[in-house]
Amino acid sequence: MQDFEVAVVKEIKIVLTMDCEPTTATSHPAATGPADWNAGEDAVRGYVEIGAEYGLPVTFFVHPEAATAQGAMFREFEAGGACLGLHMHPWKYSLWRHDGRKYMAHYGGLSPAEQEELLAESSTVWADAIGHRPLYFRPGTFSANDAIFRALVAQGFRGGSCTAPGRVIPEMQAIWTAGQADPHRANANFRQALGDLDFANMPLSADFSKVLSGPAGRNMYADFRPDVDWPGQYGVSYRTIATNIVAQVRERAPAVPVLCAITHNHYAYRDKSDAVYQRLRVMLDEMMAACDAAGVKGVGATLQNVADEVLASPPRQVPFVCEGAIFDLAADRAEIQRAS
């Protein structure tokens, strides 16, 4: 009998991310984003300070407006070990640069040609402020269609955090009914499949134990974000979220285990009395405690570190499965060996 080695997760990369939005003065009063750039800077600096207490660097996805207004700050953090990437809500960028006449959509509503054109244009704006072109990307609201990864690779990107498994927001073209749970090479033709592109995608971490129903028919899994009052609004504690996510990662035992958390730059992360500040602290404490309880070492990392590790390995070969009797419980799974 042949012995098979069972993968054991001994270390998990912890990646704190922040989407840095433009001020609401440049987009819309109801949009995500700080009221002004001073509030945005306080949020960013406070988040970095808290992360540093836990030994965690930050990955920032910076909208072009924020890059233009706060380039010196983001260059400072990059020099200190942060990872910077491009963030994009096309409609926000449209109102700022084109008076709503061009790109007035969520990212998943853009054609392949529009995506490449927008990425090229906004990357130039971003680079003028930061000093180099962006290599990493996250679409606003995790909105995407099947052209996203082809367009990103064509424009020179090597990695991103573009997917939120389980999220279903049809009106914003953010539909991730399945998708990959762990970092992987992206697929050129189907956004939810494994692929062989030289692009590493780091999904948002989620607790897959229960689908939650949000407003307006939106569905999602609980994640690490402090933005949402998971305990108060959905009855799910950060201890439950952290314990479940760590256990699920250990069970999947991916090649690159990661805990990816998200937040935004309009929260008062220097105000200890603020509810979101307090939830961030609770979240980080529970995340670290869950790792300790599972006997797993949590290690601070950035998206660049994750992408380096994903792209250092060859593409994973996925067997071809023919349709057969796809809903017949008694039918065997029919795989066909791919030609080498």
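Residues numbered from 1 in each chain as written. Predicted model: local features only at pLDDT ≥ 70, side-chain atom pairs only at ≥ 80, totals over all residues. Heavy atoms only, no water.

### With respect to the packing of aromatic side chains
If you walk through the whole model with that rule in mind, you get 11 aromatic pairs. Aromatic side chains Phe 137 and Phe 157 sit 5.9 Å apart centroid to centroid with 70° between the ring planes, which places their arrangement in the edge-to-face category. Here Phe 137 is found in strand E4 (residues 136–139), whereas its partner Phe 157 is found in the loop between helix H5 (148–154) and strand E5 (159–160), with 20 residues between them in sequence. In this structure, Arg 97 packs its charged tip against the face of Trp 96, placed 5.2 Å from the ring centre. We note Arg 191 situated over the ring of Trp 176; from NZ or CZ to the ring centre the distance is 5.3 Å. (Phe/Tyr/Trp six-rings, centres within 6.5 Å; stacked < 30°, edge-to-face > 60°. Helix = DSSP H or I, 4+ residues; strand = E, 2+ residues; numbered from the N terminus. Lys NZ or Arg CZ within 6 Å of the ring centre and 35° of its normal.)

### Things to note about the pairing of E4
Going residue by residue along E4, you find Tyr 136 and Arg 138 tucked away on one face and Phe 137 and Pro 139 tucked away on the opposite face as well. Judged from the three bridges that link them, strand E3 (residues 83–88) and E4 form a sheet pairing that is parallel. In the sheet register, Met 88 faces E4, and the bridge partner there is Pro 139. Examined bridge by bridge, E4 and E5 share two bridges and lie parallel to one another. From the neighbouring strand, Phe 137 faces E5, where its bridge partner is Gly 160. The β-α-β motif built from E4, the intervening H5 and the parallel element E5 has right-handed crossover chirality. (Buried < 20%, exposed > 50% of the residue type's maximum accessible area, 1.4 Å probe, protein only. Pairing = 2+ DSSP bridges. Right-handed = clockwise from strand over helix to strand, strands pointing away.)

### Here's the deal with the nonpolar core
Judged by nonpolar contacts, the single largest core of 91 residues is most densely connected at Phe 60, Phe 74, Phe 137, Leu 152, Phe 224, Leu 259 and Tyr 269. The greatest single-element share of this core, amounting to nine residues, is contributed by helix H8 (residues 275–293). (Core = buried A, V, L, I, M, F, W, Y, C linked by side-chain atoms within 4.5 Å.)

### Considerations on H8
With 19 residues, H8 extends 26 Å from end C-alpha to end C-alpha; this agrees with the ideal 27 Å at 1.5 Å per step. All buried positions along H8 are accounted for by Val 276, Tyr 277, Arg 279, Leu 280, Met 283, Leu 284, Glu 286, Met 287, Met 288, Ala 290 and Cys 291. Tucked into the core, H8 has its buried residues touching strand E1 (11–20), helix H1 (37–53), helix H7 (238–252), strand E12 (258–261) and strand E13 (297–300). Capping the start of H8, Asp 274 holds a side-chain oxygen 2.9 Å from the backbone nitrogen of Val 276, two or three residues further along. Looking one or two places after H8, you find Gly 295, whose phi comes out positive at around 70°. (Expected span 1.5 Å × (residues − 1). Contact = heavy atoms within 4.5 Å. Polar contact = N/O pair within 3.5 Å; in protein donor to acceptor, adjacent residues only side chain to side chain.)

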